[in-house]
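Coordinate analysis (summary)
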Amino acid sequence: MTTTHPTVAVIGAGTIGLSWAALFAGHGMRVRVSDPRPDLAAALDGALTEAAPQLARQGLDIGNLAERVEPVGDLAAAVRDADVVQENGPENTAFKQELFTTLVRAAPPYALLLSSSSAIPSSAFTGDLDDAGAGRVLIGHPFNPPHLVPLVEVVPGARTSKDAVSRAVAFYRSVGRVPVVERKEIAGFVGNRLQNALSREAIHLVEQGVVGPAELDTIVVNSLGLRWSTVGPFLGAHLGGGPGGYRHMAEHIGPSMRRMWDSLGSPGQSPEQTERLIAAVEGAYGSRPYGELTRERDRRQLAVLAALNADTTTAPNQETRS
């Protein structure tokens, strides 16, 4: 495996795949992108143009960025000499089974085979592979867009080798990401399970008429979102307990919090309820173009990251194994 500027194959050129391609190219890597979409070259050009100033703000060299990215129609050709493959295909177990069977056969035997799967653990789609093939397959789940959001959840499968895990962590760190190795496979991994837990209650509150979508977003952005960009839930609770820390929080406030668990909502699933929720969200945000909203989001995320990176008081050597 090339260690300085590895060759990376990005399989799937949706939002996530295009963002990965921009990030890898921004770090000087040779990137091949494969996707059956007929507008692949145009999609890559547009994504790189959009991402270039954001990569530059992160201190990356964007000179000749597009020259480092090659659209490749044939999957086998895209991965033939790849050091790393980052898959971003549909969230479908059967699809991934077939795809990874092809990747194991077509990619070099040393290539890391990483999946951006949002919810499906790799053991679910590697059962038909031999041990050598399954040993280099694991999850590398990003948050959107990965060229801006640092986290990558690294989730080994039941047969993933320790060497593959170490190499995946080193690879993601080499492109400025923050990999966290998770100890057990679970559907949705950690990030999406937390996101869905909050989303479930958010939908319930909107359905019950407590707040509208825009008001709920305002509450999160100006409280929990702000806090969680600096400390996580457990450190936040530890600090919320005062000098007594998490123990004080658990013993004195914990009982009332646990009583609240019983009242947390289960949103309705009927088509009518779903349609009302969609209409409410579209009423709050539908008048603004998608591109305008994403640019605003990304600009603000970069500002938060810049502020955090400038804060030299951030504790060093944080553990990266969950």
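All of the points below concern the structure found in this document.

Most of strand 7 (residues 151–156) is tucked away, with five of its six residues classed as buried. As defined by bridge partners, strand 6 (residues 137–142) adjoins strand 7 across five bridges and the pair is classed as antiparallel. If you follow Gly140 over to strand 7, its bridge partner there is Val154. Bridge analysis of strand 7 against strand 8 (residues 178–181) gives four bridges, and the strand direction is parallel.

Moving on, we get to the nonpolar core. Core analysis: the biggest nonpolar cluster contains 38 residues, and Phe24, Val31 and Val33 have the highest contact counts within it. Among the elements that make up this core, the one with the highest residue count is helix 2 (residues 40–57) (eight residues). Once you skip the residues sitting within four places of it in the chain, Val31 turns out to touch Val8, Val10, Ala21, Phe24, Ala25, Arg68, Val69 and Glu70. By size, the runner-up hydrophobic cluster in this structure holds 22 residues, among which are Val79, Phe100, Phe125 and Ile139.

As summarised here, the arrangement of the eight strands in space is 3-2-1-4-5-6-7-8, forming an open sheet in which the pairing is mixed. Each of the sheet's edge strands pairs with one partner strand only, and the pair in question is strand 3 (69–71) and strand 8. Sheet twist, expressed as the mean angle between neighbouring strand axes with direction ignored, is 25°. Where strand 1 (residues 7–11) meets strand 2 (residues 30–34), five bridges bridge the pair, whose relative direction is parallel. Paired with Thr7 across the bridge in strand 2 is Arg30. Helix-sheet contacts for helix 2 involve strand 2 and strand 3, and the interaxial angle to strand 3 is about 155°. Helix 4 (residues 93–106) rests against strand 1, strand 4 (84–87), strand 5 (112–115) and strand 6 of the sheet, and its axis sits at about 160° to strand 5.

Let's shift gears to helix 6 (residues 162–174). An α-helical turn contains 3.6 residues, so any two residues separated by three or four positions project in the same direction. The end-to-end C-alpha separation of helix 6 is 18 Å, in line with the 18 Å expected for 13 residues at 1.5 Å each. Considered for burial, the residues of helix 6 that qualify are Ala164, Val165, Arg167, Ala168, Val169, Phe171 and Tyr172. One or two steps after helix 6, the chain reaches Gly176, where phi turns positive at roughly 75°.

Attention now goes to the pattern of salt bridges. By the definition in use, this model includes twelve salt bridges. Residue Glu70 is joined to Arg32 by a salt bridge in which the shortest nitrogen-to-oxygen separation is 3.5 Å. Within this pair, whereas Glu70 is found in strand 3, its partner Arg32 is found in strand 2, the two being separated by 38 residues in sequence. For Arg297, the salt bridge identified is with Asp298, shortest N-O distance 2.8 Å. A cluster of three or more residues bridged by salt bridges with shared partners is formed by Arg30, Arg32, Glu70 and Asp81.

Moving on, we get to helix 1 (residues 15–26). Compared with an ideal rise of 1.5 Å per residue, which puts twelve residues at 16 Å, helix 1 spans 17 Å between its outermost C-alpha atoms and is within 8% of the ideal. Of all twelve residues that make up helix 1, ten are buried, and the element is covered over most of its length. Looking one or two places after helix 1, you find Gly28, whose phi comes out positive at around 85°.

Along the chain, Leu277 falls in helix 12 (residues 271–285). In sequence terms Leu277 and Ala132 are 145 residues apart; their C-alpha atoms lie 47 Å from each other. Leave out the neighbours within four places in its chain, and Leu277 touches Ile203 and Val206.

What counts and how
Residues numbered from 1 in each chain as written. Predicted model: local features only at pLDDT ≥ 70, side-chain atom pairs only at ≥ 80, totals over all residues. Heavy atoms only, no water. Buried < 20%, exposed > 50% of the residue type's maximum accessible area, 1.4 Å probe, protein only. Helix = DSSP H or I, 4+ residues; strand = E, 2+ residues; numbered from the N terminus. Pairing = 2+ DSSP bridges. Core = buried A, V, L, I, M, F, W, Y, C linked by side-chain atoms within 4.5 Å. Contact = heavy atoms within 4.5 Å. Axes fitted to C-alpha atoms, helices over the stretch in contact; angles between N-to-C directions. Expected span 1.5 Å × (residues − 1). Salt bridge = Lys/Arg side-chain N within 4 Å of Asp/Glu carboxyl O.

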